[in-house]
Every structure is written in C-alpha cells, then in structure tokens.
Amino acid sequence: MRGFKFIERFKSTQVHALNSPDNSTGSTNGFAIGNKLNNHKRIKFIGLKSSKNNSLSVAQTHLLFGLPTTDLIEPTIDPNLKPIHYVEALAHVYQRLETCLETDKSSVRIEQYAYLRGLGDAKLLRRCLRSARQYATDVHSKVVLSAWLRFERREDELVGVASMDCSGFVLECPVAALASGYEPNSVYDNCKCCEGCSKPIEAQIVVENECLSSEEEVEEEEENKDFAFCIGDEEIYFNRYKIAALSSPFKAMLYGEFIESRRDKIDFSQGGISVKGMRAVETYSRTRRVDLFCPGIVLELLSFANRFCCEEMKSTCDAHLASLLVNIEDALILIEYGLEERANLLVASCLQVLLRELPSSLYNPKVLKIFCGPEARERLVNVGHASFLLYYFLSQVAMEENIISHTTVMLLKRLEECATEQWQRMLALHQLGCVMLERKEYQDAQCYFEAAAEVGHFYSLAGLARTKYRQGQQFSAYKLMHSLISEHEPTGWMYQERSLYNLGREKILDLDTATELDPTLSFPYKYRAVAKVEERQISAAIAEINRIIGFRLSADCLELRAWFFLALEDYESALRDILALLTLEPNYMMFHDRVNGDHIVDLLSHRVQQWSPADCWMQLYDRWSSVDDIGSLAAIHQMLVHDPGKSFLRFRQSLLLLRLNCQKAAMRCLRLAKNHSRSEHERLIYEGWILYDTGHRVEALSRAEKSILIERSFEAFFLKAYILADTSVDPECSTYVIQLLEEALKCPSDGLRKGQALNNLGSIYVDCDKLDLAANCYINALDIKHTRAHQGLARVYYLKNQRKAAYDEMTKLIEKAHNSASAYEKRSEYCERETAMDDLKMATQLDPLRTYPYRYRAAVLMDDQKEAEAVEELSKALAFKPDLQMLHLRAAFYESMGDLTSAIQDSAAALCLDPNHMDTLDLYNRARDRTNHPQK
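Predicted model only: the values in this text are computed from it and were never measured.

### Overview of the overall build of the protein
Logical step 1: In terms of helices and strands, the protein carries 51 helices and five strands.
Logical step 2: Of all intrachain contacts in the protein linking residues separated by at least 6 positions in sequence, the fraction that spans at least 24 positions is 60%.
Logical step 3: Surface accessibility of the protein: about 41,600 Å² in total, with carbon and sulfur atoms responsible for 49%.

Given below as structure tokens:
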C-alpha cells in the first residue's frame, strides 16, 4: 500500500501515546513558561490537589503551562446524526413532510431537527421545534415541546422568571400545553394567560358537603336523598339516581339484580374512602364540581372514581389537580398519585413542571427516579407519557450538562428503548457510543457504534474506529476508515479520521485532504499548528490556527493560540485571547482541563500593563474601528471587570458575538444584560432584542415602544427602527425608519453606536435612492471611525457609476480590517471579471463559509457552458455547508441540464431549510410536473 510494507508502519511505540504521554515533552516544548509568568503566583497552582502529595510537582506545573503535543489532541466524535449524503437526507425529510398525515407532522419535524442539529443554526432548530409543537396533537407532545422551546430560550437564566411563567405565546404556554385538541393555525397566537383567563385555582378551599346553592335548593336536594352509604357509624345520604349516573357499576348496584338495589342503607366501610371523601362524592354527584374541596379530598375522589369507573369524575379530578401544580415539590408528590391512578393529565402536568425546571431538575434524585428508575419507563407507558420525544429532550439536556454522567447514560438507554423508527435507532445508538467513548468504556462504545452502523448510520464507523484505536488496534482502525473512503464518496471527516491512524507524511496528506474537502473541520488546523510548535515554528503555528479562527471562532482554538502566544512571551496577545475565550465560555477550563481561565487571567494581569476604564474605552474604539472583533471582546471583558453590573457592555458583547456567529453565547450575554438592567426602559430594550432574535418581532416592537414611552433613548429608537427595517419594504415604512434613526442620533450615546446608526441610516437612504444623503451618513460614520461605512460609501459610488472610486473605497476597508473576507467579496462587484475572481478566491481562502464566491464562480462557469464544472463548484461547498441559495442554484442548473431527479432532490433539500422560499418552491413544483408529465 502506497509503495511499501504498510503493516510495518503500525509497529511504532507511539500507538499508546494518547493514554500515556511523556511528561518531559510538555516541559521541553513549554520553554519553561510557568517560570516566566510570575514566580510569586506559583503558590496558587502548587495548591492544586494531586493524587500523591496534595500538590503539583515542578514537572506537573511545567506541564500545566507547557504546550500540547500532537499525541495529546484528537477530534471529538460528533454526537449528532451525520449522513454521508446529507442533501439526500434533507430532501427525504422534506418529501416525508409533504406526504405524511397531519397527525404525523410533529414527529417528522423532530426528525428534521435531529438532522439539522449538526449545522448548529439555533434559529433553524428553533423553527423546527416550533413547527413540531404547532402540529402536536396530544397533550404529552405539547408538554414536552413547550418545555423544550423554553429550554432553548434558557429562560431559567433570567432573573425574576419562574419556570411556570407564561411567555405570552400559545406554543410555549404551560396552560395551553395541557389543553387537548389540534390547532395548527395557532402558531403565532398569543395565549390568554396574560388576560387573566387562566388563573390558578386556590388549593386550600375546604368545603366538605356544602354547595353554593340557595336554601330552597338545599331543602329540595335533602328531600330527594333516598338511600345512604354507611362508613362505620356514619351515614351519608345520596340521591339514588344521581349516584347511579356516575358509572355503570353504580347503576348496576343500585338498579340491577343485586341485593343493594333494594336496601336503603348500604355498608361501604370497605370502599377505601373516608367519610369526608364520601360526602364529597355526594356533593359531586349533585354539582359536578371538585374545586370546592382541598387537594387531599380530590385525590380521594380520583382514587374512588378510578376504582368504580366514574370516568367523568376521574377526568374532572384529573384536570383540577393538574391545574394546582406550581412547583417541583408538589409535582414530585402528585406524580406518584397520577401514575398509580393512571391520571393522564395530572402526570402530564407534573412532567411539565419537572421539564420546565431543566437543567436543574436533573440533579434531583427523585426526578431521576421518575425518568430512570427500574420501572420508570413501564409506569410512564401505562399513562401514555413514555416517548422517544421525551427522552430525546432529556438526553440532550443531560449531554449538554455532563456527557459522561451516569444520568446521561441512563437517559440514553431509555431513549434507545423508545426508538422505533430507523433514524431514532441510529441516533440513540450513536449517542450511546459517543458517551461510552468519553467515559472510556471502549467495549460498550464499540458495541453501540457497531449497532448504529448496522442500522445505517455510517458515520458511526468513525466512532468504531476510534474505539479500536483506543484499545491498541491502530491498523484495524485504519483499515476500517480506508474501506469507508473506498466504498463511498469521500468527505472531509473520513480523511480526518483516517489521519489519526496514519503516520508521517501520509498523516499530513490526509489532514490536507480533509481541509480541502471540508475547510470547517478545526482538527487539521490544530494538528498542523501543534506540529509546527514541535518543530519550534511558533509563528507559523499561530498563522495556521489563525486560518480557522478567522472564520469560525471556538474556545478550543482560542486556547491553543493563547498557548502559542505564551510560548512567545507575548502575554498581551495571550491575555486578549483568554478574555475572548471566557466571553464564549465563562467557566472554561484551560491547560488540559486543569485550571479555570480566570486563574490564568489573574496570572497574566501581572505581566501586562493594566488598563484604566478610560484606557479600555480607547482600546475598544481602536479595535472596533479596525474590525478586530476578538480584540473588542477582550476589551469589553476587561471593562466588565471594573464594573460587572453595566448591562450595556453585556449588550455590546452580544452584538460582537452575533457578528462572529456565536449565537448561543450572544443570547447568554443578552440575558445577562437584561438581568443587570438598572431601569425599566433599559430592561424593555434587552427583552425586545431577545424576542427579536427568537422570531417574535411584533412583541419585540411592543417592547421598544414601551421603552420609548418611559424614556426617549438611542437604543430604544434604534431597536424599533431595526425591527421595522427588517420587517417591511414599504416606502412609507422606510420614511418612518429614517425618522426613528434620526431621533436615535439626537439621543446621547457613544460613537460606536452612533456610527452603526449612521451606517444603517445610509443604507435606508440608498434603498430610497437618496444617494447624496446616504454618502453624508457614511462619511459622518467614517469620521467617528466606523470603518465598515467604507462598504456603504463604495455602494453609493457604484450606484453613481463611479466604479473606480467604489473599488478604492473597498480597498481602504481591506487595509484597515483585521477580518476582510467580506470586504474582498464586496470589492469583487466593482471590478472586471478576472480581478473579481481573484478577490473571490481570496474571500474563500479567508472564509470558506461565505457562499457568494461559490455561486458567482458557478454562474460564470455556467455562462461559459461548462455545466459539469459549474455543478462541481457548488457541490464542493455543499459538501460541508448545506446552504439554501447554493442548493437552489444547483437545482436550477440541474433543471437546465435536464436532470430533473437531481433538481427535485436539491430543491427539496433547500425547502427543508426554508419551506417558504418561493423561487425554490416554484422550481420544485415545476420539476415534478415535468417529471410526471414529460410531454409538456
């Protein structure tokens, strides 16, 4: 193989290096960084616990700060579904949605969610969950999905928000989730909770045998009581007809052939109900109400109704008890009664409380017993509340919290038990394999990965190869991945995985191929960077890791770059990266998961010049104007050290994180901004942004208007203008947006935000064909160092037919911006084709996730009648980034080439991402019609 005896290459002593690293490597490559930081801080790290002498040895301390080695890094196995033919899988899901029954749409939406989860697009996933909730037909699914939507919003992190609070939307309302019925058109409706229509019933009303009726009615009822049930010495009188109407057993007893039908007094001492409970039964037989009794009596009524088949009474008790739940303590008590008496709605209500308390409820052993106990699944099945959906939600939360916990394993095993469809079995088995791999239980992991692969999830073979490698079977792991590459169309992850089991130059070749096929994989960059460090080429290592950081920011890559800067003794750059890292993940553990990032910040703060609040503002202005988003994050992090309660700084963090496509971290910063708000009008603004980012534009607009009524502020006007500009293209609306932005600019704010407002105002003026006014806005923005305004000014020049000026303006942006991929892409519009192609090539090198360059190159090839090359250009990008526009364009190419089957598949996959994209929908229907009626 490849020119020499391949098997000999696997006799290296490095096979087990991952499990037994040589500590001296870390010390040597670390260049004694631990000593160079600051000796007076060494005590803090020596105090860390060690298994031998309760403190770290000198060698361990050096390893703590030493550089990583290539033997110690490897990529994780993605726990999500990862089909080899991703476009085909998406198309299949969409076509299932088209053809399935209305009652099945909810489950298919969850399948869609499972396939899209690997893309990491929070808005896309939220839309899937909303659609699943929209089409849910049973109470159980509604309860789980409404809780899931709440969890995705992370409302547990908002101060002053209780788990059972209603957000105001039907799809997330805890009361609406318990209502039976199917209303798919209510997706955008507001619930009635806020109108006071669904108030909780007081739980301590104690009325034993009295009803709210007039004295005449009471006397009439007393006269109609014609027999008594006796419990001990007590006699409780009933109306024979009304008690017989409760159930068939009572009707048979009182009007049938039984001896009781001829008696005036019936001994009921063995009926399993107290005297108070029996009196409540009598009251219910007349009033059909249970809200007159305390919860204990209602529980007796529930048990009585269940024993004697009083279905109406049981449903009434079930619904009433369900309405009383407000906290997890009550839920844990009542769920036992609900499971025992098979009270579906009560169990649903209890589950809802437990689910809406996630993730904290997972740490309660009583909660875990309900979901994972020896008979947990069977008990839940009996009341219709054990489902794949329930355990899918629970297991995802558990994996986020702690992937190696015993809780995660138990929940995933329940998930496997509930799996019925192929995709469900693939997911459950694969995730069990991933968890067992992380727990270092390799034999179990191997079994689960093998089972997942047998069901059809070929990506699980990567997990299987990893388990073999961990058990010392490197050649077997290599053969497995080599056969996968040979038998299927190769993808980046296949070569990345095979590289782990390869050696020397062949390993690097595999990693380079992986990057070529999928430039978004971070491991090849990390490996090449660490390999350069081992060769003492640290500057080259930084350049290598910068390639991935430039378009995909992640905590692990920032940590690695900080490590490299420490080796160069560039403590200021290292501190910048660690501060940005802690913005992404505040509790991140660095240096082999041994030290909290805050401790490293404390160490480095003694090696760099300390900034005053004024210095921080100057640094932020400089970095913001140079489009250095990571530097800006670090500056804001330092500003928060001086004043951690400033909510507007948290808001600035969220803006930067959104620009860096870190949606989860951005939303966390927005929630922190709301929590730290010092005024009502400020809180409303941040609530508005949260609502806007989660797709609730009308409610977001309402928050902005309420804030303006309290205080006319820059941010309130800006929020309102932003929402309206993004919602409507009406010229009248544009005029109103201009007025709002002008009002915002009259309010106090700093130059950073005013620059953004001027930039947005310029864009609106351009859309209204007011080019001179737009140019003035952009020039004013540039005067206060809003560098991105170069792009807007270039557009104005271009629209004025000043193409050279537009090109020059974009060149200025390229020269100033740290991250200039978008600038190269935009400049390509203002130059000739050859130069444009060079700019787009550079844009792709800097950020391969930008789709316009691929679409442009494909269109050029198509114009040159190079159809196969045009399709290949798009296919190359679609292999690692399924994108709506690229799928639509490739579908159009296929249609023009007469390949209608491929056109249908691509357009269906695109519609899986956005079912409302009209151009794609037209293409899809047109291609299907041509397929079904070829004569046309």
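From this point on, the discussion continues.
### Regarding the confidence of the model for the protein
Logical step 1: Confidence in the prediction of the protein, expressed as mean pLDDT, is 87, and 89% of residues score 70 or more.
Logical step 2: By mean pLDDT, the top-scoring element of the protein is helix α22 (residues 422-438) (98), and the lowest-scoring one is helix α3 (residues 42-46) (28).
Logical step 3: Taken as a whole, residues 1-63 scores under 50 in pLDDT and shows 107 contacts with residues more than four places along the chain or in a different chain.

### Quick notes on the nonpolar core
Logical step 1: Counting 244 residues, the largest nonpolar core has Phe371 and Phe564 as its most contacted members.
Logical step 2: If we ignore the near neighbours within four places in the chain, the residues touching Phe564 are Leu67, Ala529, Val530, Val533, Ile538, Ala541, Ile542 and Ile545.
Logical step 3: Grouped together as the second largest cluster of nonpolar side chains are 46 residues, Met667, Ala673, Leu691 and Ala744 included.

### Side note on the pairing of strand β2 (residues 234-238)
Logical step 1: As paired strands, strand β1 (residues 227-231) and β2 are joined by five bridges and run antiparallel to one another. Counted as the bridge partner of Phe227 is Phe238 from β2.

### Focus on the pattern of salt bridges
Two side chains bearing opposite charge may form a pair once their charged atoms approach each other closely.
Logical step 1: Going through the model one piece at a time under the given rule, you end up with 55 salt bridges.
Logical step 2: Residue Glu282 pairs with Arg286 through a salt bridge whose shortest N-O separation is 2.5 Å. Of the two residues, Glu282 and Arg286 are both situated in helix α13 (residues 275-287); the distance of four residues between them amounts to about one turn of the helix. Arg286 carries the same exposure label as Glu282, and that label is buried.
Logical step 3: With a closest N to O distance of 3.1 Å, Glu544 and Arg547 form a salt bridge. Placement of the pair is Glu544 and Arg547 together in helix α29 (residues 538-549), with a separation of three residues, close to one helical turn.
Logical step 4: Taken together, the shared-partner salt bridges connect Lys674, Glu680, Arg683, Glu687 and Arg703 into one network.

### Quick notes on the packing of helix α26 (residues 492-499) against helix α27 (residues 504-517)
Two quantities define a packed helix pair, namely the angle between the axes and the distance from one axis to the other.
Logical step 1: The interhelical angle for the contact between α26 and α27, taken along N-to-C directions, is 160 degrees, at an axis separation of 8 Å. Judged by the inter-axis angle, α26 sits roughly antiparallel to α27. The hand of the α26/α27 crossing is left-handed. Residue-level inspection shows Gly492, Tyr495, Gln496, Arg498 and Ser499 of α26 in contact with α27, the latter providing Lys507, Asp510, Leu511, Thr513, Ala514 and Leu517.
Logical step 2: In terms of residue class, the contact of α26 with α27 is built from four nonpolar, four polar and three charged.

### Some details on the state of the cysteines
Logical step 1: Using the criterion set out here, one finds zero disulfides in the structure.
Logical step 2: No disulfide involves Cys309; its nearest neighbouring cysteine sulfur is the one of Cys310, lying 7.4 Å away.

### Section: the packing of aromatic side chains
Logical step 1: Tallying each qualifying case throughout the model produces 31 aromatic pairs.
Logical step 2: Arranged with centres 5.0 Å apart and planes meeting at 45 degrees, the rings of Phe304 and Phe308 form a pair that is tilted. Grouping residues by exposure puts Phe304 and Phe308 together as buried.
Logical step 3: Seen in terms of ring centroids, Tyr852 and Tyr856 are 6.0 Å apart; in terms of plane orientation they differ by 40 degrees. Their pairing is tilted. Here Tyr856 and Tyr852 lie together in helix α47 (residues 852-863), a separation of four residues that amounts to about one turn.
Logical step 4: What links up through ring pairs into an aromatic cluster is the set Tyr113, Trp148, Phe151, Phe388, Tyr392, Phe393 and Trp423.
Logical step 5: The ring of Tyr854 carries the charged tip of Arg857 above its face, separated from the ring centre by 5.2 Å.

Rules of the game
Residues numbered from 1 in each chain as written. Predicted model: local features only at pLDDT ≥ 70, side-chain atom pairs only at ≥ 80, totals over all residues. Heavy atoms only, no water. Helix = DSSP H or I, 4+ residues; strand = E, 2+ residues; numbered from the N terminus. Contact = heavy atoms within 4.5 Å. Areas by Shrake-Rupley, 256 points an atom, 1.4 Å probe, with all protein chains shown as cover. pLDDT = per-residue confidence, 0-100. Core = buried A, V, L, I, M, F, W, Y, C linked by side-chain atoms within 4.5 Å. Buried < 20%, exposed > 50% of the residue type's maximum accessible area, 1.4 Å probe, protein only. Pairing = 2+ DSSP bridges. Salt bridge = Lys/Arg side-chain N within 4 Å of Asp/Glu carboxyl O. Axes fitted to C-alpha atoms, helices over the stretch in contact; angles between N-to-C directions. Parallel < 35°, antiparallel > 145°, perpendicular 65-115°, else oblique. Left-handed = near helix turned anticlockwise from the far one by under 90°. Nonpolar A, V, L, I, M, F, W, Y, C, P; charged D, E, K, R; others polar. Disulfide = S-S within 2.5 Å. Phe/Tyr/Trp six-rings, centres within 6.5 Å; stacked < 30°, edge-to-face > 60°. Lys NZ or Arg CZ within 6 Å of the ring centre and 35° of its normal.

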